[in-house]
Structures are given as C-alpha cells and as structure tokens.
Amino acid sequence: MIDFTVADDVATIVLNAPSKLNALDEQALAELDAAYAAAEAAGVRALVLRGEGRAFCAGRDISGVDPRNDDVLGYLGGLVTPLLQRMSRFPAPTFAVAHGACLGVGLGLLIATDVVYVAESAKIGSPFGALGATLDSGGHALFLDRLGAHRTLDLIYTGRLMSGAEAVASGLFSRVFPDDEVVTATQDAAVTAARGATAAFLASKRLIARIRDERLALWASVDLENAAQAALCDTDDYREGFAAFQQKRTPDFLGR
C-alpha cells in the first residue's frame, strides 16, 4: 500500500490504496512509519507525501472494525500519534499534496508535514459526527488555532467540508493549485528545497516548533533566533552562501 522511492535527494512516499481512498489500517501505518525511517536513513534533503486516486487519505480504515471491541486508543495513541511525531521531526523539509478527501488521520498526516499544497478538489473538515465519533490526529488544535472556536465547532457540528481554496484562504495550509498541477508544483518545491541550505531550513523548522509548542513571546523567540544564527556560522552552507554572494554566483549548497 505504501510506495517509497528516492531520486535527486528527494524521497517520495505514496499512499497507494485508491480503491479505499487510501484509508489507513494498522498495517498501512506500520508501512508508512517504515518509509519515513527509510527516508531518514537515506539522508534525503526533502520529502514528498501524496496519495494515489481520488483522495489523499480518507482517514482510518474502519471497514473491518467492530465498534463493540474497538481498541481506538491503541490505534490512535499507540500507532498514529508516534507516526505523526516522527513525521513532524523529520530532519529535512517535508511537503504534502492534499487532494480529494483529507480527513481524520489523513488530516493529521498533513498537519505533521511542513508545507502542504492543496488541490482545488480537496475536502477538509470533520464529518465524524455521523459516526458518533470526533475529530482526532491534531485536527482540533489546527482548526482552533487557524479558525477560532466558533468556526471550528461550526465545522464539527454541521459536518461541512471546506474546499481546497477555502482551506488555504483560512490559513490552514500553504497554497492552492488546480488538480492537474498540484503534484508537479509540490515536487518542484521539494527539489528546490533539496538543493538549498538544509541546515538553515532545519534551524527554522525547530524554531517554529518551539515557538508554537512553548507559546514563546517575541523577545524569547529573538533570543532563540540569535543562537540558531550563531550555530549556523559553523556550517559549510553558511560559508558557501556568503562566498557565493560575494562572488556574485549561485551557491552550491551541500546540505551541511
């Protein structure tokens, strides 16, 4: 179900179960976790996550789940959350393509990715009230942070799904593209990032995570930026960037 390839320092991970809208069962989650581990071991400098077929990911595969003995905590807390944490800590810029249904765990995969490019066809929201269930995988935090309490509960209570354009206009994700352009745009962005100053990108990735998770104020954030900048002075890419600027040429970053 999970395809994994590497080319030009970019890993591409594909959810490949289009007949079930790439819904994820326990085995698929294990394969996805293994793909991220393999990408990290390969030392790639960027990663793209996408789905085959009509949807990115419709969430959990519940086709064989008996609600009377469902170990939902084992699925979410034991499998999904550790995977999302691994994804969010991946040591290179990560990109995702969001198209069609992006729901539940599928939405969580997007939340755990650095940059999400969204197709016009994307459907994002919380239709789980129809199952007697609730939003999971970080959806509450994302919606509350970007939409506020009233709009978040409106989505939850009504089950209405946002389009790709609406999701981007609301600040949920990065940019919206026509369906036939979004994969190429995302892959191009990942290739560009893979040729860039990887250490500097990772410094920003860590800074963003700390400022977000610790709710840091302006001057505490500035102190962290100062320390990060000082640490970058010892990297090959920093020296190459300065040399290229002074010599009026394109830098040749090595990612270290």
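The structure under discussion appears in the preceding block.
A brief look at the structure comes next. Quick caveat, the model's predicted, so the values are computed rather than measured.

Inspection of the secondary structure puts Ser 221 in helix α8 (residues 218-232). Looking at Ser 221, the relative accessible area reads 7%, which means it is buried.

Within the secondary structure, Phe 128 is located in the loop between β6 (123-125) and α4 (139-158). As for Phe 128 and Arg 160, which are separated by 32 residues in sequence, their C-alpha atoms are 10 Å apart. In contact with Phe 128, not counting residues within four places along its chain, are Leu 103, Gly 104, Ala 133, Thr 134 and Leu 135.

What follows covers the pattern of salt bridges. If the charged atoms of two oppositely charged side chains come close together, the side chains can form a pair. Counted under the stated rule, the structure contains 14 salt bridges. Note that Lys 20 and Asp 25 form a salt bridge whose closest N and O atoms lie 3.9 Å from each other. A relative accessible area of 30% places Lys 20 in the partly exposed class. Across the salt bridge formed by Arg 239 and Asp 236, the nearest N and O atoms sit 3.1 Å from each other. With Arg 239 and Asp 236 both in helix α9 (residues 236-246), this residue pair falls three residues apart, about one helical turn. Judged by its relative accessible area of 31%, Asp 236 is partly exposed. Via salt bridges that share partners, Lys 20, Asp 25 and Asp 61 belong to a single interconnected network.

Reading the values: the criteria
Residues numbered from 1 in each chain as written. Predicted model: local features only at pLDDT ≥ 70, side-chain atom pairs only at ≥ 80, totals over all residues. Heavy atoms only, no water. Helix = DSSP H or I, 4+ residues; strand = E, 2+ residues; numbered from the N terminus. Buried < 20%, exposed > 50% of the residue type's maximum accessible area, 1.4 Å probe, protein only. Contact = heavy atoms within 4.5 Å. Salt bridge = Lys/Arg side-chain N within 4 Å of Asp/Glu carboxyl O.

In short, geometric facts, not functional conclusions.
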